[in-house]
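What the coordinates show
Residues per chain are reported as follows:
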Amino acid sequence: MSKLIIAEKPSVAKSIASALGASSRADGFYEGSGLLVSWCVGHLVSPMDAGGYDERFKKWRYDDLPILPEPFRYVLASGKEDAFENLRALMNRSDVDTIVNACDAGREGELIFRLVYEMAGCRKPVLRLWISSMEDSAIREGFSDLRPGTDYETLYQSALCRQKADWLVGINATRLFSVLYHRTLNVGRVQTPTLAMMADRDAKITLFHKEKYHLLRLMLDGAEAVSEKFTDPAEAEQAAAACKGSAVTCTSVTKAQKKEQPPKLYDLTTLQREANRLFGYTAKQTLDYAQSLYEKKLLTYPRTDSRYLTSDMAETASCVIHLAAKLPPFDGCTNFFPLVEAMISDKDVSDHHAIIPTMEIEKADIKGLPLGERNLFLLVCCKLLCASAEPYVYEAVTVTFDCGGYSFTAKGKRILSEGWREIDRIFRTSLKEKPVDGDGGTLPDFTEGQTFDGAEVAVTEHFTQPPKPYTEDTLLSAMENAGKDDTPEDAERKGLGTPATRAAIIEKLVATGFVERKRAKKAVSLVPAHTGVSLITVLPEQLQSPLLTAEWEYRLQQVERGELSPDEFMIGIADMLTELVKTYKVISGAEVLFPSG
């Protein structure tokens, strides 16, 4: 008898087949060693459109809302019928006695497999392959430790609830507001609070009134000391006049040794943020590059929200670190003795550990990778090396001076040990990027009571700055932290969306015309379009608030842990939508918000 292994993508199926000895290629699958290995092509099964439940739902009408189908029904995704029929035929083969779910090890991968399994009407036993790396050794190890598919039933129910909730909110809220305001207004469970954050930032920028202030600057021996702010220019000039010709006295010298611990490893969100800052990649581009590197066996699973490794990975991590240290430009690092212990925390790893390179780098042609993938791969290598390096140690020096009765401050630092920052500096230099540095350079050795005669004094003019528009980097951070203070402490996922879905949310907002990308100097800003701001203006606070989505994510986690029934979760969604349709009233001035034509 044979086991049928179903992967999420053809490329993954090929890697699994190769690792497990299923070397014979047939039409739509690989075969060998008592195994059949086939694949989905992403989602093969989708929720049925509203019109499929009832002919009248094909038209958008207020009187039909809310649409709450029971039971939910599913259809084959358009254009993917052949892929589904191939899998159904393989499941029904008489020599297949077990199905192995080898789709991506996470909520979405579980959903992709289970919907195909259910649609095919298959009842054969299911085992689960759960791995974080596509290396041959990881595949073989995972296959030797297959778990019963029933162990993941609550994960599937959580994924199903998430999909149904998104469908219900999308269908009902989108139709409600589109019908009332006579134009298509897409509303989504995660995308709408994300848009609301951007509209709020845009309003703060628009309403910002800059304020002028002045600073006094003392030019001393090889240093510059700065005063407090002066909001009154006359007072600033008066202070400058009092200082001119006056003696300057050093009133205090404070020295403090400070230590910056190495950074943590990447989860998907921090990788997307840093790739945006360094290379200008969108969140989607970074995810695509990381997924490709995962399928090429060079990176571990990218859709992770953990920044730690598990204790059983210590030896592997140590080997990978030494391999990464041999790659240019890191081969220029000196006296490097990696410390793996700080990366290890079993309690901080749930489904998947942090993103790190794999042992495959020893034989990989890194220079032969496409530019985007190569940049991202070296960025992950840099983070791994930094995370295993010594702390950055420096002495922070703060010196205060008195001149004419006014206080001035100069700040500097003296580096005692570059530690992990040496690796970061080498990498950034290779990219022709300026290394990140803190405030102040090296100050002269001032002493308390030291005096100076006739120091130069200058008045400089400054303006307060408005908030900056979101970039992909700062928006991802805002999504991750939205509603954090009001979310229960034991919630595993906080903020808007998950690391795996945030990129798609941003792309959808751009694609629907609610958000625009605008280039200014190096950075690309994400700015809400007029329609996006108008939509947020008419939506009730309930749909805009990140707290709603954060609460839903918490409840989905409860479903996943078996602490909340799927029915209870879905009843909450249905009640909210019923109340929304019943109570919402059109706001006045719609013709200004949504002009015709």
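Refer to the structure presented above.
Position numbers for residues count from 1 along each chain, tracking the sequence in the order it is written. Local features in this predicted model are restricted to residues of pLDDT 70 or higher, and side-chain atom pairs are both shown and tallied only at a pLDDT of 80 or more, whereas totals for entire chains, interfaces and linings draw on every residue. Water and hydrogen atoms play no part in the side-chain values, which are based on all heavy atoms of the structure.

**A closer look at the overall build of the protein**
In this text, helices come from DSSP runs of H or I with a minimum length of four residues, and strands from runs of E with a minimum of two, each type numbered from the N-terminal end. Assigned secondary structure in the protein consists of 19 helices and 19 strands. Across its three principal directions, the C-alpha atoms of the protein cover 100 × 65 × 40 Å. Any pair of residues with heavy atoms lying within 4.5 Å of one another is described as a contacting pair. For the protein, the proportion of contacts with a sequence separation of at least 24, taken over those separated by at least 6, is 78%. Looking at the protein as shown, the accessible area adds up to about 27900 Å², and 49% of this sits on carbon and sulfur atoms. We score Asp and Glu as negative and Lys and Arg as positive, and we do not count His or the chain ends. Taken as the charge location is NZ of Lys, CZ of Arg, CG of Asp or CD of Glu. Computed over 71 positive and 85 negative side-chain charges, the inter-centroid distance for the protein is 4 Å. Residue-level accessible areas treat just the shown protein chains as cover; the underlying method is Shrake-Rupley with a 1.4 Å probe.

**Remarks on helix α3 (residues 107–119)**
With 13 residues, α3 extends 18 Å between its outermost C-alpha atoms, agreeing within 8% with the 18 Å of an ideal straight helix rising 1.5 Å per residue. Each residue is assigned to one of three classes by its accessible area relative to the maximum for its type, calculated with a 1.4 Å probe on protein chains only: buried under 20%, partly exposed between the two thresholds, exposed over 50%. Counting buried positions over the 13 residues of α3 gives 10, a clear majority of the element. For α3, the full list of buried residues reads R107, G109, E110, L111, I112, F113, R114, L115, V116 and Y117. Looking one or two places after α3, you find G121, whose phi comes out positive at around 70 degrees. Expected helix span is given by 1.5 Å per residue-to-residue step, counting one fewer step than there are residues.

**Focus on unusual backbone geometry**
With an omega dihedral of -5 degrees, the bond running from L65 to P66 counts as a cis peptide bond. Here P66 lies in the loop between β5 (45–47) and β6 (74–76). The linkage connecting E70 with the following residue, P71, adopts the cis geometry, with an omega of 0 degrees. Positive phi, normally seen in glycine, also occurs at H182, with a value near 60 degrees. Structurally, the position occupied by H182 is in the loop between α5 (153–181) and α6 (191–207). Phi at K297 is positive, roughly 70 degrees, even though this residue is not glycine. Relative to the helices and strands, K297 resides in the loop between α9 (283–295) and α10 (314–324). Looking at K297, the relative accessible area reads 14%, which means it is buried.

**Things to note about the pairing of strand β19 (residues 523–528)**
Note on pairing: DSSP must find at least two bridges between two strands before they are called paired. Note: strand β17 (residues 470–471) against β19, two bridges, orientation antiparallel. Its bridge partner being in β19, Y470 is matched across the sheet by L526. Two strands pair when backbone bridges link them, and strand β18 (residues 515–520) and β19 are joined in this way by six bridges, in the antiparallel orientation. By the bridge assignment, R519 is partnered in β19 with V524.

**Notes on the pattern of salt bridges**
Just to be clear on terms, a salt bridge is a Lys or Arg side-chain nitrogen sitting within 4 Å of an Asp or Glu carboxyl oxygen. Inspection of the entire model under this criterion finds 38 salt bridges. Across the pair R114 and E110 runs a salt bridge, and its minimum N-O distance is 3.3 Å. Pair noted here: R114 and E110 are both in helix α3, with a separation of four residues, about one helical turn. Residues R114 and E110 agree in their burial class; the two are buried. Connected via shared salt-bridge partners are R107, E108, R162, D166, R189 and E553.

**What about the sheet that holds β18?**
The antiparallel open sheet is built from three strands, whose spatial order is β17-β19-β18. At either end of the open sheet lies a strand with only one pairing partner, and these are β17 and β18.

**Describing the environment of K468**
Inspection of the secondary structure puts K468 in the loop between β16 (456–463) and β17. For the pair K468 and R201, spaced 267 residues apart in the sequence, the C-alpha separation amounts to 8.0 Å. Excluding residues within four positions of it along the chain, K468 makes contact with R201 and I205.

**Re the nonpolar core**
Ranked by size, the top nonpolar core spans 60 residues in total, and within it F177 and F569 carry the most contacts. Take this core: its biggest share by element is 10 residues, from α5. Those residues within four positions of F177 in sequence are excluded, and the remaining contacts are R183, L185, V187, V538, L539, P540, L543, L580 and Y584. Throughout this description, the term nonpolar core refers to a set of buried Ala, Val, Leu, Ile, Met, Phe, Trp, Tyr and Cys residues connected via side-chain atoms within 4.5 Å. Counting residues in hydrophobic clusters, the runner-up holds 48 residues, among them L271, L299, C333 and A389.

**Structural notes on the packing of aromatic side chains**
Pairing of aromatic side chains here covers Phe, Tyr and the six-membered ring of Trp, requires ring centres within 6.5 Å, and sorts the geometry by plane angle: under 30 degrees stacked, over 60 edge-to-face, intermediate tilted. Here the structure, examined in full by the defined rule, presents 15 aromatic pairs. Ring centres 5.2 Å apart and planes at 70 degrees place the aromatic pair Y281 and Y289 in the edge-to-face group. When its relative accessible area of 9% is taken as the criterion, Y281 is described as buried. Y289 sits in the partly exposed class, given a relative accessible area of 23%. Aromatic ring contacts, followed pair by pair, group Y53, F72 and W167 into a single cluster. Sitting above the plane of the Y392 ring, R421 keeps its charged end 4.9 Å from the centroid. A ring is considered to have a charge above it if a Lys NZ or an Arg CZ atom is located within 6 Å of its centre and within 35 degrees of its normal.

**Digging into the side chain of T358**
On the secondary structure map, T358 appears in the loop between α10 and α11 (371–387). Identification of polar contacts relies on pairs of N or O atoms within 3.5 Å, with a donor-acceptor requirement for protein atoms, meaning one able to donate a hydrogen and the other able to accept it, and with residues adjacent in sequence counted only if both atoms are side-chain atoms. Side-chain polar atoms of T358 contact the backbone oxygen of K297, separated by 2.5 Å. If we skip the residues at most four places from it in the chain, T358 touches S133, E135, K297, L298, L299, T300 and V320.

**Digging into the sheet that holds strand β2 (residues 24–26)**
Reading across the sheet, the seven strands line up as β2-β3-β4-β1-β7-β8-β9 and stay open at both edges, with mixed pairing between neighbours. For this open sheet the edge positions go to β2 and β9 (147–148), each flanked by a neighbour on one side alone. Across six bridges, the pairing between strand β1 (residues 2–7) and strand β7 (residues 96–102) is parallel. Across the sheet, S2 pairs through a bridge with V96, a residue of β7.

**Regarding a negative patch on the surface**
A residue counts toward a patch only above 30% relative accessible area and without a salt bridge, and it is joined to like-charged neighbours within 9 Å or, for Val, Leu, Ile, Met, Phe, Trp and Tyr, to nonpolar neighbours within 5 Å. On the surface, a cluster of negative charge is contributed by E141, D145, D312 and D346. Tracing the sequence through the fold places D145 in the loop between α4 (136–143) and β9.

**Brief notes about the state of the cysteines**
Cysteine sulfur atoms that pair up within 2.5 Å are treated as a disulfide. Scanning the entire structure with this criterion turns up zero disulfides. With no disulfide partner, C250 has as its closest neighbouring cysteine sulfur the one in C403, 13 Å distant. Overall, the relative accessible area of 1% leaves C250 in the buried class.

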